[in-house]
Each structure stands twice: as C-alpha cells, then as structure tokens.
Amino acid sequence: VEKIRTFQKLPQTMVFSTQDGRVANFNMFSGKPTLLYLMFTRCPEVCPRVTQTIKTILKKHRVSDEFNIVGVSVDPENDDKKAFASFMEAQQLDADMWTFINLGSRNTLDFARTVAKLSYNKQIFNMHSERVVLIDENLVIRGYYLTSDKNDREALDSIVEVLKSNKIKSLASFKNDGGSNQKL
C-alpha cells in the first residue's frame, strides 16, 4: 500500500457564498474530511449522477456529520440560493450534510484549473466532471476519484468506510493509492 499523495492545500482566503446565502471561506470545512465536486444546478446528467453516487456511498456507511460534502458551482451566474434549494430538493439532499457554494466567475475559473485540475474550454459548463476531490481535515487535497470508474468508486467507498468505522482518526495519515491521480 502506497502513501496517499499530498497535493496542494485549498485556498483558504478565497471567499464564496453558500446555498443559504452565508459568506465564508474554505476554513469552514477544516476539522473533517471533505468530498468536493464541481457541479451546476441545471446539469441534466453528470451532476445528478455524481451527487447520487456520493449519496449512495454515504448512505451505505450511515454517514451523518463525519464528512463535509461540498458541491462547487461552475455556473456562478445562475446558481444562486433558489437554484441550490431546487437542486437539493430534486436530489433529496440533507442541508445539514451538503454545502453548495458559489465562488463567483473569476474564482470559479481559477479553482477549476488549479484545485480540481480541469481544463477550461471557453464554456464554463465544460468545467465539471465526474471527479470527486478528497480533502483531509487540514484542507489538503489527498486524491481525485472518478465516480464513473469502478476502481475509483470502490477506493472512495473504502476510505469512507474506514473513516466512518474510526479505524483511523485522521485522513492525513491514511494510506491508499490516491484514486485516479495518475490520470491527471
């Protein structure tokens, strides 16, 4: 078993608004592991599928508040409080477990390229994928997992299981292969 790769730390000074209108930064997610993905509320297929994959893994392991689950909008002009509420209702998501954030146009592009490692294709809608970013309790990126890849889904499922069972106390010390890191 290899030591999980360490990537960069989330940009703690980047300010965003949450689905309930609060202004915050990434420090609000420190202290617990985070599963983060890029999405937009009007997405007809990929975003709901990724959301449901995460939801299924969480339900399987009876996760309640052990993780932060964060959806980062790649459509900041349209994803507002009302759009997030509609998406959460349609996906039957618990607002106490899921946080959706709007970084604003400029920060969204930077975040997609530098943190989510996605390329920009002149259309903001092309900046989302089936990738889930695993972030430790110190806000350090620990891996990228494609929900469409069976091995990555199983690896993500295993990490959630191990953390939920308290077999380890810290993701920062967890060892695994880091998901599809080699595919970046």
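Refer to the structure above for everything that follows.
Analysis parameters
Residues numbered from 1 in each chain as written. Predicted model: local features only at pLDDT ≥ 70, side-chain atom pairs only at ≥ 80, totals over all residues. Heavy atoms only, no water. Core = buried A, V, L, I, M, F, W, Y, C linked by side-chain atoms within 4.5 Å. Buried < 20%, exposed > 50% of the residue type's maximum accessible area, 1.4 Å probe, protein only. Contact = heavy atoms within 4.5 Å. Helix = DSSP H or I, 4+ residues; strand = E, 2+ residues; numbered from the N terminus. Arc of directions from axis to C-beta. Salt bridge = Lys/Arg side-chain N within 4 Å of Asp/Glu carboxyl O. Pairing = 2+ DSSP bridges. Axes fitted to C-alpha atoms, helices over the stretch in contact; angles between N-to-C directions.

J.: What am I meant to see in the nonpolar core here?
T.: If you look at soluble globular proteins, the nonpolar side chains tend to sit buried side by side. If you look at the biggest cluster of nonpolar residues, it comprises 50 residues, and the most contacted ones within it are Phe-26, Leu-35, Tyr-37, Ile-54, Trp-98, Phe-100 and Phe-111. Setting aside its immediate chain neighbours within four residues, Trp-98 contacts Gln-19, Tyr-37, Thr-51, Ile-54, Lys-55, Leu-58, Ile-69, Met-88 and Leu-93.

J.: Please explain helix H3 (residues 105-114) as it appears in this structure.
T.: Owing to its 3.6 residues per turn, the α-helix brings residues three or four apart onto one side. For H3, the complete set of buried residues consists of Asn-107, Thr-108, Phe-111 and Ala-112. Buried residues in H3, looked at end-on, bunch into an arc of 130 degrees, giving them a common side. Of the surrounding secondary structure, the elements contacted by the buried residues of H3 are strand S1 (15-18), strand S3 (34-39) and strand S4 (68-73).

J.: Help me understand the pattern of salt bridges, please; the structure alone is not making it clear to me.
T.: Opposite charge on two side chains permits them to pair, given that their charged atoms come into close proximity. Inspection of every chain in the model, using the stated rule, returns six salt bridges. As a salt-bridge pair, Asp-20 and Arg-22 come within 3.2 Å of each other at their nearest N and O atoms. For Asp-20, a relative accessible area of 39% corresponds to the partly exposed category. Ionic pairing is found between Arg-49 and Glu-130, a salt bridge with its closest N-O pair at 3.5 Å.

J.: I'm lost on the environment of Ala-24 in this one. Help?
T.: In this fold, Ala-24 is placed in strand S2 (residues 23-25). What makes Ala-24 buried here is its relative accessible area of 16%. Considered as a pair, Ala-24 and Thr-13 are 11 residues apart in the sequence and their alpha carbons are 9.3 Å apart. Residues within four places of Ala-24 in sequence aside, it is in contact with Met-14, Val-15 and Phe-16.

J.: Quick question: what am I supposed to make of the sheet that holds S4 here?
T.: Taken in spatial order, the seven strands make up an open sheet running S2-S1-S5-S4-S3-S6-S7, and their pairing is mixed. The two strands at the open ends of the sheet, each matched to only one other strand, are S2 and strand S7 (141-146). Shown here is a sheet whose adjacent strand axes are inclined to one another by a mean of 35 degrees, direction ignored. Of the pairings in the sheet, the one linking S3 to S4 comprises six bridges and is parallel in character.

J.: How do you make sense of the pairing of S3 when you look at a structure like this?
T.: In summary, the side chains of a regular strand alternate between the two faces of the sheet. Burial analysis of S3 places six of its six residues in the buried class, the great majority of the element. Side chains Thr-34, Leu-36 and Leu-38 of S3 all project onto a buried face; the interleaved residues Leu-35, Tyr-37 and Met-39 project onto the opposite face, where all are buried too. Across three bridges, the pairing between S3 and strand S6 (residues 131-135) is antiparallel. What sits directly across from Thr-34, in S6, is Ile-135.

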